[in-house]
2 protein chains.
Amino acid sequence: MRIGIIGGGAIGLLFACYLSKSNQVTLYCRTNEQVRLINKYGIYLKHHGTVDNFTIKAQPSDEISAEDLFIIAVKQYQLEQIERVFHHIPSQTPLIFIQNGVAHLKFIENLSHETIIVGVVEHGALKEKTNYVHHTGEGLTRLAIFRGNEQFVGPIIHKLNTIPFPFIFEKDYLEMVFGKLIVNAVINPLTAILKAKNGELMLNSHYLHLVHLVLDEVVKILDISDREKVFMRIKTICENTASNQSSMLKDILNHRQTEIDGIIGGLLNMAETKDLKVPVLQFLYHSIKGMER
Amino acid sequence: MRIGIIGGGAIGLLFACYLSKSNQVTLYCRTNEQVRLINKYGIYLKHHGTVDNFTIKAQPSDEISAEDLFIIAVKQYQLEQIERVFHHIPSQTPLIFIQNGVAHLKFIENLSHETIIVGVVEHGALKEKTNYVHHTGEGLTRLAIFRGNEQFVGPIIHKLNTIPFPFIFEKDYLEMVFGKLIVNAVINPLTAILKAKNGELMLNSHYLHLVHLVLDEVVKILDISDREKVFMRIKTICENTASNQSSMLKDILNHRQTEIDGIIGGLLNMAETKDLKVPVLQFLYHSIKGMER
């Protein structure tokens, strides 16, 4: 299968390497420098201490070629910037969106493409150089139909699946997206504000208290009945990635824009619609927005 | 006047220097090392770029001599540890307590001394070495009667007053203490969590939003009608000390215990008594307690 991956960040590089094992991958990058480096030297993938080199074709993202499938791996807040790219992708070509949060769903709705899949990625990845990615945590990628025919997803998953890079199919995209959203809404802003590794949220009893304060408001907004199940999922992820820095903490430490608008911003909008008071989420939102400056 | 100052922290050192100009000061210290250094080298006071040396008598705090007045300059959470010291101070000797927050008022209530004055200190001070203090911000010290005869306070203030170290008399100790408490409750934990200087709370529009979120809950607990007046006081202090780090930020950066229990802990207790929900104050409390570890 010919797969176009749009976005040369940590996740884009990671997907390009693993999917190139049994597919023909083209990575579409924003900068000519990254295109040049990848075409010349390939992509380096570090995993469990060993480093492999992958030969990948790279192209500028405004020069879209024909592909059987596109995976859109840019950040949610970059989608608007690359909107014109989608005019060059035929509406029959399936698209997979793997952004965090829920804010991208509005963007997706306005596209004319027939088959749209949304995904949530549970891998940890760190872009160490322009063409060097470190796979810091193994997880899986969940995919669900956002629009189109369910029968397309099975074959796509079959072709994407590779070891140790599994894909699984989820029935309900909203439930899947919400599940990831909750985890992100709790772990990301807290670790970024506290400058704490994921594991500390469970080990430090005061930080655990903060997890519950945030979860209280998220559960209220999303009207979730099984609070305990959600908490256990957060706990498991914190424990499995105990020594990792969350993506938002890394963004803050590196003075980059974060995904706070897509994650907490989306929840604040929902709370406003439902006329709910969520002071702790407002606190998280403005703390991170203030730190981004 | 013979003045005993108990506590050789930044504020104790600062008071010792200025009050020694027209009084006979003894500084009571916890460590023998500090006693030795001060008796040998005096105290260095840095102010507006110049450094002066003050000859001050120092004594261990368990060797209390006769004084006309004691100023207790230890942190609120250290009061319990020095409780026995008060048994050696005659009950006729006036005491001045200058702790932050409200938690120390309970401790004071149980003392048998006839004249007790409480104060709030608006100076900025940084202890740079064991016997070296930097006067980083000029302010004033407000004093009010907690217990005893009001006529004692006038002469005391008269004898303490010196330039640039003014003392003023306040009628209502609770209003005075609450005023300082509110300022501390808003500025201290926020700057410590955000790692921000005082001025940033007003200059960064997102941080200003956080100031209002915290103030909303404090105003509710203390049943304050003139919210605008309180906000303006916070604003003025942030602007006057714009480039200062708050004491709580310094404590966190130096891995020291903070005064969070005396400040936010006291407010949380009041909120519980009144059955009020204050999630943002809980967030501040547990963030700081978690960072203290």
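Residues numbered from 1 in each chain as written. Chains lettered and ligands numbered in written order. Predicted model: local features only at pLDDT ≥ 70, side-chain atom pairs only at ≥ 80, totals over all residues. Heavy atoms only, no water.

A.B. asks: Quick question: what am I supposed to make of the packing of helix 10 (residues 260–273) of chain B against helix 11 (residues 279–292) of chain B here?
C.D. replies: How two helices pack is summed up by the angle between their axes together with the distance between the axes. Residue and element names in this part refer to chain B. Where helix 10 contacts helix 11, the axes come no closer than 10 Å and their chain directions differ by 150°. Judged by the angle between their axes, helix 10 and helix 11 are roughly antiparallel. Once helix 10 is placed against helix 11, the crossing between them reads as left-handed. Note on element contacts: helix 11 touches helix 10 through L281, Q282, L284, Y285, I288, K289 and E292, opposite I260, D261, I264, G265, L267 and L268. A class-by-class count of the residues in the contact of helix 10 with helix 11 yields eight nonpolar, two polar and three charged. (Axes fitted to C-alpha atoms, helices over the stretch in contact; angles between N-to-C directions. Helix = DSSP H or I, 4+ residues; strand = E, 2+ residues; numbered from the N terminus. Parallel < 35°, antiparallel > 145°, perpendicular 65-115°, else oblique. Left-handed = near helix turned anticlockwise from the far one by under 90°. Contact = heavy atoms within 4.5 Å. Nonpolar A, V, L, I, M, F, W, Y, C, P; charged D, E, K, R; others polar.)

A.B. asks: Explain the packing of helix 11 (residues 279–292) of chain A against helix 7 (residues 205–222) of chain B here, please?
C.D. replies: Contact geometry for helix 11 of chain A and helix 7 of chain B: axes closest at 8 Å, N-to-C directions at 155°. Between helix 11 of chain A and helix 7 of chain B, the crossing angle belongs to the class labelled roughly antiparallel. Both helix 11 of chain A and helix 7 of chain B take part in a crossing whose hand is left-handed. Residues P279, Q282, F283, H286, S287, K289, G290 and M291 of chain A of helix 11 of chain A pack against H206, Y207, H209, L210, L213 and V214 of chain B of helix 7 of chain B. Its residues placed into classes, the contact of helix 11 of chain A with helix 7 of chain B shows seven nonpolar, six polar and one charged.

A.B. asks: How do you make sense of the interface of chain A and chain B when you look at a structure like this?
C.D. replies: By convention, interface size is frequently given as the accessible area that disappears when the constituent parts associate. Each side of the interface is counted separately: chain A has 23 residues, and chain B has 23 residues. For the pair chain A and chain B, the summed buried surface comes to about 2100 Å²; carbon and sulfur atoms form 68% of the total. On the chain A side of the interface with chain B, the three residues burying the most area are H206, F283 and H286 of chain A, jointly 31% of the side's total. The interface formed by chain A and chain B contains ten residue pairs in polar contact (both at pLDDT 80 or more). Those elements giving two or more residues to the side of chain A that touches chain B turn out to be helix 5 (173–194), helix 7 (205–222) and helix 11 of chain A. It is helix 11 of chain A that provides the largest number of residues to the side of chain A that touches chain B, a total of ten residues. Grouping the constituent residues of the side of chain A that touches chain B by class yields 13 nonpolar, eight polar and two charged. (Buried area = accessible area lost by both parts, 1.4 Å probe. Polar contact = N/O pair within 3.5 Å; in protein donor to acceptor, adjacent residues only side chain to side chain.)

A.B. asks: How should I be thinking about the sheet that holds strand 10 (residues 132–137) of chain A in this particular structure?
C.D. replies: The strands making up a sheet are joined through hydrogen bonds of the backbone, oriented either antiparallel or parallel. All names here are of chain A. Read from one edge to the other, the open sheet built from four strands follows the order 4-3-10-9, with strand pairing classed as mixed. Of all strands in the sheet, those bounded by a partner on one side alone are strand 4 (50–54) and strand 9 (124–129). Averaged over all pairs of adjacent strands, the angle between their axes in this sheet comes to 25°, without regard to strand direction. Two strands pair when backbone bridges link them, and strand 3 (residues 43–47) and strand 10 are joined in this way by three bridges, in the parallel orientation. (Pairing = 2+ DSSP bridges.)

A.B. asks: Can you help me understand the UniProt feature "domain: Ketopantoate reductase N-terminal" (unreviewed entry) in chain A in this one?
C.D. replies: With numbering matched to this structure, UniProt assigns "domain: Ketopantoate reductase N-terminal" (unreviewed entry) to residues 3–145 of chain A. In residues 3–145 of chain A, helix accounts for 19% and strand for 38%; the two terminal C-alpha atoms are 18 Å from one another. (UniProt positions renumbered as here; feature names shortened; annotations may be inferred.)

A.B. asks: Where do I start with the domain arrangement of chain A in this structure?
C.D. replies: All names here are of chain A. Partitioning chain A into structural domains gives domain 1 (2–171) and domain 2 (179–292). Taking only C-alpha atoms, the centre of domain 1 and the centre of domain 2 are 25 Å apart. If you look at the interface, domain 1 gives 14 residues, while domain 2 gives 15 residues. With both chains or domains summed, domain 1 and domain 2 bury close to 1200 Å², and 49% of this area falls on carbon and sulfur atoms. On the domain 1 side of the contact with domain 2, Y77, N100 and V102 bury the most area, a combined 43% of that side's loss. At the junction of domain 1 and domain 2, the tally comes to one salt bridge. Close ionic contact of E122 with R233 constitutes a salt bridge, the shortest N to O distance being 3.2 Å. Summed over the shared surface of domain 1 and domain 2, the number is eight residue pairs in polar contact (both at pLDDT 80 or more). Secondary structure elements with two or more residues in the side of domain 1 that touches domain 2: strand 8 (116–121) and strand 9. Of the residues belonging to the side of domain 1 that touches domain 2, the class tally is seven nonpolar, four polar and three charged. (Domains from an automatic or database assignment. Salt bridge = Lys/Arg side-chain N within 4 Å of Asp/Glu carboxyl O.)

A.B. asks: How do you make sense of helix 8 (residues 227–240) of chain B when you look at a structure like this?
C.D. replies: For the α-helix, the turn length of 3.6 residues means that residues three or four positions removed from each other point alike. Residue and element names in this part refer to chain B. Compared with the 20 Å implied by 1.5 Å per residue over 14 residues, the 20 Å span of helix 8 between its first and last C-alpha is a close match. Looking only at helix 8, the buried set comprises V230, F231, I234 and C238. Buried residues in helix 8, looked at end-on, bunch into an arc of 100°, giving them a common side. Of the residues in helix 8, the exposed ones pointing more than 90 degrees away from the buried face are K229 and N240. Those residues of helix 8 hidden inside the fold are in contact with helix 5 (173–194), helix 6 (200–203) and helix 7. (Expected span 1.5 Å × (residues − 1). Buried < 20%, exposed > 50% of the residue type's maximum accessible area, 1.4 Å probe, protein only. Arc of directions from axis to C-beta.)

A.B. asks: For this particular structure, what's the right way to read the UniProt feature "domain: Ketopantoate reductase C-terminal" (unreviewed entry) in chain A?
C.D. replies: Taken from the UniProt record, the annotation "domain: Ketopantoate reductase C-terminal" (unreviewed entry) applies to residues 177–292 of chain A. Each end of residues 177–292 of chain A is marked by a C-alpha atom, and these two atoms are 25 Å apart; helix forms 77% of the span and strand 0%.

A.B. asks: It is not clear to me how the pattern of salt bridges should be interpreted in this structure. Could you clarify?
C.D. replies: Using the criterion set out here, one finds 22 salt bridges over all chains in the structure. Its salt-bridge partner being K171 of chain A, residue E150 of chain A comes within 3.2 Å of it at the nearest N-O pair. Here E150 of chain A, found in the loop between strand 11 (141–147) and helix 4 (153–160), pairs with K171 of chain A, found in the loop between strand 12 (167–169) and helix 5; they are 21 residues apart in sequence, far enough to count as distant. Overall, K171 of chain A belongs to the exposed group, its relative accessible area being 65%. Between D251 of chain B and R256 of chain B there is a salt bridge, with the nearest N and O atoms lying 2.8 Å from each other. Its relative accessible area of 41% is what places R256 of chain B among the partly exposed residues. Because the salt bridges share partners, they merge into one network encompassing E122, R142, E170 and R233 of chain A.

A.B. asks: Whenever I open this one, the sheet that holds strand 6 (residues 69–72) of chain B confuses me. Can you help?
C.D. replies: All names here are of chain B. One open sheet holds the eight strands; their spatial order is 5-2-1-6-7-8-11-12, and the pairing between them is mixed. A single partner strand is all that each edge strand has here, and the edge strands are strand 5 (57–60) and strand 12 (167–169). On average, adjacent strands in this sheet sit at an angle of 30° to one another, irrespective of strand direction. Bridge count between strand 8 (residues 116–121) and strand 11 (residues 141–147): six bridges; the pairing is antiparallel. Note that in strand 11 the partner of V118 across the bridge is A144. Across the face of the sheet, helix 5 comes into contact with strand 8 and strand 11 while running at roughly 30° to strand 8.

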